[in-house]
Amino acid sequence: MRKIAFMLAALLSMAAAVPAFAEMADAQKDECVLASRNCKNAVDDIQTQIKRIDAEVKKGTAVYTPAELKKLEQKLAEVKELLTNMEKH
């Protein structure tokens, strides 16, 4: 009986922690976009890259330092320029 009660208590405490963990994961830095780390074989097309980088820039200083935001904005400008150059040819 104690084992069942203990297991139920553990299950309920874990279930309560899952939404908080999911919220925390949304506010984390995307290391793949920022520094090309933790990329799980991510090969995005240019438009997807623009969307991902733009989404990260919009997180602002709540997630990134000003230096990191500047780096992301520079990457966004580079990818947009690449797209523009490709459209010209």
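Scroll up to find the structure this text is about.
The structure displayed is predicted, hence computed values, not measured ones.

Reading the values: rules and limits
- Residues numbered from 1 in each chain as written.
- Predicted model: local features only at pLDDT ≥ 70, side-chain atom pairs only at ≥ 80, totals over all residues.
- Heavy atoms only, no water.
- Helix = DSSP H or I, 4+ residues; strand = E, 2+ residues; numbered from the N terminus.
- Buried < 20%, exposed > 50% of the residue type's maximum accessible area, 1.4 Å probe, protein only.
- Contact = heavy atoms within 4.5 Å.
- Areas by Shrake-Rupley, 256 points an atom, 1.4 Å probe, with all protein chains shown as cover.
- Core = buried A, V, L, I, M, F, W, Y, C linked by side-chain atoms within 4.5 Å.
- Axes fitted to C-alpha atoms, helices over the stretch in contact; angles between N-to-C directions.
- Parallel < 35°, antiparallel > 145°, perpendicular 65-115°, else oblique.
- Left-handed = near helix turned anticlockwise from the far one by under 90°.
- Nonpolar A, V, L, I, M, F, W, Y, C, P; charged D, E, K, R; others polar.

Peer 1: Which parts of the structure should I look at to understand the overall build of the protein chain?
Peer 2: Scanning the protein chain from terminus to terminus reveals four helices and zero strands. Shown N-terminal to C-terminal, the secondary structure of the protein chain runs as helices and strands in the order α-α-α-α. Burial analysis of the protein chain (89 residues in total) assigns 19% to the buried set. Counted over contacts in the protein chain with a minimum sequence separation of 6, partners at least 24 positions apart contribute 56%. When the accessible area of the protein chain is evaluated, it comes to approximately 7,200 Å², of which 61% is carbon and sulfur surface.

Peer 1: Which parts of the structure should I look at to understand the nonpolar core?
Peer 2: When a protein is soluble and globular, its nonpolar side chains tend to lie buried together. Ranked by size, the top nonpolar core spans 12 residues in total: V33, L34, I46, I50, I53, V57, V63, Y64, L69, L72, L76 and V79. Mapped by element, the contributors of at least two residues to this core are α2 (31-35), α3 (46-59) and α4 (66-88). Among all residues touching V33, those that are not within four sequence positions of it are R52, I53, E56, L72 and K75.

Peer 1: Any chance you could explain the side chain of E56 here in plain terms?
Peer 2: One can find E56 in helix α3. On the basis of relative accessible area, E56 is assigned to the buried category, the value being 6%. Among residues more than four places away in sequence, those in contact with E56 are Q28, K29, D30, V33, Y64 and L72.

Peer 1: Whenever I open this one, the packing of α3 against α4 confuses me. Can you help?
Peer 2: Geometrically, a packed helix pair is captured by the angle between its two axes and the distance between the axes. Look at α3 against α4: their axes get within 9 Å of each other, and the N-to-C directions meet at 155°. Here α4 runs roughly antiparallel to α3, going by the angle between their axes. Seen along the crossing, α3 lies across α4 with a hand that is left-handed. Across the interface between the two elements, I46, Q49, I50, I53, D54, E56 and V57 from α3 touch L69, L72, E73, K75, L76, V79, K80, L82, L83 and M86 from α4. Tallied by class, residues from the contact of α3 with α4 come to 11 nonpolar, one polar and five charged.

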